[in-house]
Amino acid sequence: MQVVTGEEMGRIDRFTIEEIGLKEEVLMESAGRAAANKIMESISPSDNVGILIGTGNNGGDGFVIARCLLDAGFKVDVWLIPPESKVKGAALYHLNVFKNSGYTFADYSSFKSDEKEVPGQWDVIVDTLLGTGVQGSLREPYHAIVQSINQSSCKVISVDIPSGVPANKGEVEGEAVKASVTFILQSPKLSAFLAPADEYYGKWECVDIGLPIRAYHAVKPDRYLWSREQVSASFPARNKHTHKGSYGKGLLAGGSIHMTGAPVLAATSALRSGAGLLTTAVPEEALSTVASQVAESTFLPLPSKEGEVSEEVGTLDLSLSNYDGVAAGPGLGRNEGTRTFVQKLLNEVKGPLVLDADALFVLKELGEEWRKRDFPLILTPHPGELAHLTGLSPAEVNRQRFSISRSFAAQHGCYLILKGPHTIVTTPEGRQYVNDSGNPSLAKGGTGDVLTGMILSFVMSHSAIQEALSNAVFLHGKAADMLVDDVSSPHSVVAGDVVQQLPLTFRSILHS
Ligand SMILES: NC(=O)C1=CN([C@@H]2O[C@H](COP(=O)(O)OP(=O)(O)OC[C@H]3O[C@@H](n4cnc5c(N)ncnc54)[C@H](O)[C@@H]3O)[C@@H](O)[C@H]2O)[C@@H](O)CC1
Ligand SMILES: [K+]
């Protein structure tokens, strides 16, 4: 499933109409009918339904939906918000089809002021006021209507996008519909994955309106949703005729005297995620504490000074080219030793290199050096870390999560995993994959270390790096979802619980 901007959706629509020749009226019929079918499945025949129709094509969808529901015998009131003379194009065509079918609507523009509240007898409101064409904050009368919708106790079903929510941005200016459910037409828009707009959608589902795949090929949004279906299809099975070496020899580097837990979490997570052989590299002063908590790893002591890796690491032969994958960062600290170490990893690792946490922090000081890597480089920042790397503020990063990740990954030739409530994996070519698992229980120290371990393990056992990364991100979130659904509360989940939950999470995918 592709994720689009409002403009991309418009271009896909136009290509379908102008190049492929599917008439706009036909497209609107398909869209409205597909949405109507979903709406009818989600309400009861005894419900009183109010359908609110706005001026643009979203309103046109509303006329199709209203006709479908009335034909099926539902109890429906239809309100046309603008004066009829304002309705144009395909929406006007469907207004006429609606009328010619023997149905009527109420003209909101002629209502007296005491008639303008959402009526108390409605159980369900279908919001087809405004779609992806909305610009800025809502003008009257939409503003007042949306306020009235949000104050009502009705179930609110938005079509395509909750009215007033922008397609491409997370910020909502002023009022917008807070939907119970949104039936998105064909492709989710960016705002479904950006805060706080994502909250306005309620539960959402995409409805197939039959836009031709050729139109997507022409427009190339190159952004996809990565969910359970894609994970199941790409999660590699463990073959009978394999041995520990078949699943990669990995190196996990992290820890310092005050942060011994981070490498423990990352290492145990890597091992639980299938790594065949794991070596954990830890500064000498922290080694015994870490080693006592990870029985299945071998260890590589790193020279240390004041509890953190020291600059001497730059002069040592660590045989870094012998590993199938390396991940570094959790708990390393941010001193010169870490910088020297990360520089060495960038130069000497001959396979996928995952940099997280403190390793990301020092990357900025390495200037242009790290752009020249011949082997895959995978960066896993949270918005604060990407802000540090780009010189932007975390708020700016969050505001433009998609575009900033895309340009950063392209500019630096790396895979970028921008963490957050809807983690985005971006490839060096700029393709993007949005994750749809996870919950706020993951907003805790240590959960990122768990993800790093999973990523290390997955990139060693999967030939397609993007799939490995997206699967790790999905399953990490899924483990948290399973914990919250079956075992814990979002408050109580700790990073170690996520590691413990991995076996059942993987089983749920293998057996689905
Ligand atoms: N173009 C197509 O072929 C199809 C479009 N579809 C529907 O069309 C929608 C997009 O249609 P439109 O581009 O007409 O956009 P809208 O339906 O969002 O309507 C835009 C109109 O709303 C008004 N408006 C914009 N900002 C406003 C504000 N802040 N306050 C008050 N009024 C405002 C303006 O008059 C503008 O022309 C989609 O969301 C989808 O529901 C579907 O029918 C499928 C086919
Ligand atoms: K809408």
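Residues numbered from 1 in each chain as written. Chains lettered and ligands numbered in written order. Predicted model: local features only at pLDDT ≥ 70, side-chain atom pairs only at ≥ 80, totals over all residues.

- The chain goes by Bifunctional NAD(P)H-hydrate repair enzyme in an unreviewed UniProt entry, where it is assigned to Thalassorhabdus alkalitolerans.
- For the chain, the Subunit (unreviewed entry) comment in UniProt is given as "Homotetramer." (UniProt positions renumbered as here; feature names shortened; annotations may be inferred.)

Regarding the packing of helix H17 (residues 465-487) against helix H18 (residues 495-510)
Reasoning step 1: Where H17 contacts H18, the two axes come as close as 8 Å, and the packing angle between them is 100 degrees. Here H17 lies roughly perpendicular to H18, going by the angle between them. Only Asp497, Val498, Gln501, Leu502, Leu504, Thr505, Phe506 and Ile509 of H18 make contact with H17, whose side of the interface consists of Leu475, His476, Lys478, Ala479, Ala480, Met482 and Leu483.
Reasoning step 2: Looking at the contact of H17 with H18, its residues break down into ten nonpolar, three polar and two charged. (Axes fitted to C-alpha atoms, helices over the stretch in contact; angles between N-to-C directions. Helix = DSSP H or I, 4+ residues; strand = E, 2+ residues; numbered from the N terminus. Parallel < 35°, antiparallel > 145°, perpendicular 65-115°, else oblique. Contact = placed C-beta atoms within 7 Å. Nonpolar A, V, L, I, M, F, W, Y, C, P; charged D, E, K, R; others polar.)

Quick notes on the sheet that holds strand S19 (residues 432-435)
Hydrogen bonds along the backbone pair up the strands of a sheet, which may run parallel or antiparallel.
Reasoning step 1: The sheet built from ten strands is open, its strands ordered S8-S19-S18-S17-S16-S15-S14-S9-S10-S11 with mixed pairing. Since the sheet does not close on itself, it has two edges, and those belong to strand S8 (223-226) and strand S11 (298-302), each with one partner. With direction set aside, neighbouring strand axes in the sheet form an average angle of 20 degrees.
Reasoning step 2: With three bridges joining them, strand S15 (residues 353-355) and strand S16 (residues 377-379) adopt parallel strand pairing. Opposite Leu355, over in S16, you have Leu379 as the bridge partner.
Reasoning step 3: Across the sheet, helix H10 (residues 284-291) lies against strand S10 (277-283) and S11, angled at about 135 degrees from S10, the strand it touches most. (Pairing = 2+ DSSP bridges.)

Topic: the UniProt feature "binding site: AMP" (unreviewed entry) in the chain
Reasoning step 1: The sites that carry the UniProt feature "binding site: AMP" (unreviewed entry) are, in the present numbering, Lys419, Gly420, Pro421, His422, Thr423 and Gly448. These annotated residues cover 30 residues of sequence, and their C-alpha atoms lie no more than 14.1 Å from one another, placing them together at a single site.
Reasoning step 2: With respect to the helices and strands, Gly420 occurs in the loop between strand S17 (415-418) and strand S18 (424-426).
Reasoning step 3: When sequence neighbours within four positions are dropped, the list of residues in contact with Gly420 reads His382, Pro383 and Arg401.
Reasoning step 4: In this structure, His422 sits in the loop between S17 and S18.

Focus on the packing of helix H16 (residues 447-461) against H17
Reasoning step 1: Contact geometry of H16 with H17 gives a least axis separation of 9 Å together with a crossing angle of 145 degrees. Crossing handedness for the pair H16 and H17: right-handed. In this structure, H16 contributes Val450, Leu451, Met454, Ile455, Phe458 and Val459 to the contact, and H17 contributes Ile465, Ala468, Leu469, Asn471, Ala472, Val473, Leu475 and His476.
Reasoning step 2: Here the residues of the contact of H16 with H17 sort into twelve nonpolar, two polar and no charged. (Left-handed = near helix turned anticlockwise from the far one by under 90°.)

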